[in-house]
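For reference, the chains in residue letters:
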Amino acid sequence: MHQMIRSKHRLLLAGMALLFVLLGMFCTSFVEDTTTYYVLAPSGLNLRQSADPNSAKLDLVPLGGKVTLITAPAAKNMNIDQLSGGMAKVKYGDKTGFVFDGYLSKFPAPKKAINTEGEYKIETYVEKLREAPDATVLHEEHTMDYGGIYSSESSIHIPTQNWQEAFLIAKLLMNIPPKFLFPKPNRAVETIIPNPDKKEQAWSDELKVERDKTGQLTSISYYYRSEGGGWGAVITKSKEESGPQKMLKISYTGIAD
């Protein structure tokens, strides 16, 4: 009798163990199917064999390429192009490897910049962002006439508090000069960074970074001004919210004299 009870007990434990394994497989599958990230690195990201950034290169994930996150970085102690992050384990196509997650975003990469040749507009990118299930992306337009100086502003509010992510999107979407990198940590309330490639005809061509007294970012602004007009791109905290998720606001302003 005691032997039968022990046998039933072992069978029950074995059944529960199998159930937990199946549940674990289901949960892993669900996470892998829903954690898609996009590459925002202009020259793409190397897919590496291991978490060692110098390990063998398996492939190059291009700008806008999609990867599925398998395991987040064990530590975010790397700094590349002034972006902080670590090596995340991802799946790209039929290959599994590691990429630097400082250049990954849950938002797709803009196809091109809005202030270059062609008809690409912020509205086009907003439509792309809204294709994701349950995506909350706000868009607003404003125009002003300041006594002969015409100004137009187009803004998007995206559900993130990741300033690196917002900066990379703004840089791609608004054609911010490539030599401007994400600002380094600083305790200064205001920092002005001039464009090393500033042209002679430019009156101003600079990045302005503002922080609060604790060193936390409050705005990142790029301004270009010359005779006849100029333009600017600004990242600030949004006053809007997407449920419990706070948002960042990315604005483009065009000025014509």
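Worth saying up front: this structure is predicted, and the values here are computed from it rather than measured.

### Comments concerning the overall build of the chain
Point 1. Each helix and strand counted, the chain has three helices and 16 strands in total.
Point 2. For the chain, the residues scored as buried account for 39% of the 257 residues in total.
Point 3. Within the chain, counting contacts between residues at least 6 apart in sequence, those at least 24 apart form 51% of the total.
Point 4. Of the roughly 15400 Å² of accessible surface on the chain, a fraction of 55% belongs to carbon and sulfur atoms.

### Things to note about the pairing of strand E4 (residues 66-71)
Point 1. Across three bridges, the pairing between strand E1 (residues 36-39) and E4 is antiparallel. For Tyr37, the partnering residue across the bridge sits in E4 and is Val67.
Point 2. Inspection of the sheet shows E4 paired to strand E7 (residues 87-92) by three bridges, in the antiparallel sense. Its bridge partner lying in E7, Thr71 is registered against Lys89.

### Notes on helix H3 (residues 163-174)
Point 1. With 12 residues, H3 extends 16 Å between its outermost C-alpha atoms, agreeing within 8% with the 16 Å of an ideal straight helix rising 1.5 Å per residue.
Point 2. Of the residues trailing H3, Asn175 is marked for its positive phi of about 60°.

### Side note on the nonpolar core
Point 1. Formed by 54 residues in total, the largest nonpolar core has its most connected members in Ile156, Met174 and Ile250.
Point 2. A per-element tally of this core places H3 first, with nine residues.
Point 3. Apart from the residues within four sequence positions on either side, Ile156 is in contact with Ile122, Tyr125, Val126, Leu129, Leu138, His139, Leu173, Leu248, Lys249 and Ile250.

### Regarding the confidence of the model for the chain
Point 1. On average, residues of the chain score 85 in pLDDT, and 85% of them are at 70 or above.
Point 2. Low confidence marks residues 1-6, where pLDDT is under 50. Its contacts with residues over four positions away, or in another chain, come to zero contacts.
Point 3. Within the model, pLDDT remains below 50 along residues 11-34, and this stretch shows three contacts once partners closer than five positions in the same chain are excluded.

### Observations concerning the packing of aromatic side chains
Point 1. Taken as a whole and assessed by the stated rule, the structure comprises four aromatic pairs.
Point 2. Summarising the aromatic geometry, the rings of Phe167 and Phe182 are spaced 5.7 Å apart at their centres and angled 70° between planes, so their arrangement reads as edge-to-face. Taken together, the residues span a long stretch of sequence, with Phe167 in helix H3 and Phe182 in the loop between H3 and strand E12 (190-194) at a distance of 15 residues.
Point 3. Take Phe167: its relative accessible area is 2%, and that puts it in the buried class.

### As for the side chain of Ser219
Point 1. Here Ser219 shows up in strand E14 (residues 217-226).
Point 2. A polar contact is formed between the side chain of Ser219 and the side chain of Glu210, at a distance of 2.7 Å.
Point 3. With residues up to four places along the chain from it excluded, the contact list for Ser219 reads Trp163, Lys208, Val209, Glu210, Ile235 and Thr236.

### Here we look at helix H2 (residues 122-129)
Point 1. Among the residues of H2, those classed as buried are Ile122, Tyr125, Val126 and Leu129. All buried residues of H2 fall inside an arc of 105° around its axis, so they share one side.

### Topic: the pattern of salt bridges
Point 1. On inspection of all chains with the given rule, the structure shows six salt bridges.
Point 2. As a salt-bridge pair, Glu131 and Lys128 come within 3.5 Å of each other at their nearest N and O atoms.
Point 3. Under the relative-accessibility criterion, Glu131 is labelled exposed at 57%.
Point 4. Judged by its relative accessible area of 38%, Lys128 falls in the partly exposed class.

### Focus on unusual backbone geometry
Point 1. Although it is not a glycine, Asp81 adopts a positive phi angle of roughly 55°.
Point 2. What makes Asp81 partly exposed here is its relative accessible area of 38%.

### Regarding the side chain of Arg211
Point 1. For Arg211, the position within the fold is in strand E13 (residues 202-211).
Point 2. An unpaired buried charge is present at Arg211: no salt bridge exists, and Asp212, the closest side chain of opposite charge, is 7.6 Å distant.
Point 3. Among the polar contacts listed, one links the side chain of Arg211 to the backbone oxygen of Lys184, at a separation of 2.7 Å.
Point 4. Separated by 3.2 Å, the side chain of Arg211 and the backbone oxygen of Gly215 make a polar contact.
Point 5. Those residues within four positions of Arg211 in sequence are excluded, and the remaining contacts are Pro183, Lys184, Pro185, Asn186, Ala188, Val189, Gln216, Leu217 and Thr218.

### Thoughts on the environment of Thr36
Point 1. You can see Thr36 is positioned in strand E1.
Point 2. Considered as a pair, Thr36 and Thr68 are 32 residues apart in the sequence and their alpha carbons are 4.7 Å apart.
Point 3. Discounting chain neighbours no more than four positions away, the residues touching Thr36 are Lys66, Val67 and Lys106.

Analysis parameters
- Residues numbered from 1 in each chain as written.
- Predicted model: local features only at pLDDT ≥ 70, side-chain atom pairs only at ≥ 80, totals over all residues.
- Heavy atoms only, no water.
- Helix = DSSP H or I, 4+ residues; strand = E, 2+ residues; numbered from the N terminus.
- Buried < 20%, exposed > 50% of the residue type's maximum accessible area, 1.4 Å probe, protein only.
- Contact = heavy atoms within 4.5 Å.
- Areas by Shrake-Rupley, 256 points an atom, 1.4 Å probe, with all protein chains shown as cover.
- Pairing = 2+ DSSP bridges.
- Expected span 1.5 Å × (residues − 1).
- Core = buried A, V, L, I, M, F, W, Y, C linked by side-chain atoms within 4.5 Å.
- pLDDT = per-residue confidence, 0-100.
- Phe/Tyr/Trp six-rings, centres within 6.5 Å; stacked < 30°, edge-to-face > 60°.
- Polar contact = N/O pair within 3.5 Å; in protein donor to acceptor, adjacent residues only side chain to side chain.
- Arc of directions from axis to C-beta.
- Salt bridge = Lys/Arg side-chain N within 4 Å of Asp/Glu carboxyl O.
- Lys, Arg positive; Asp, Glu negative; His and termini not counted.

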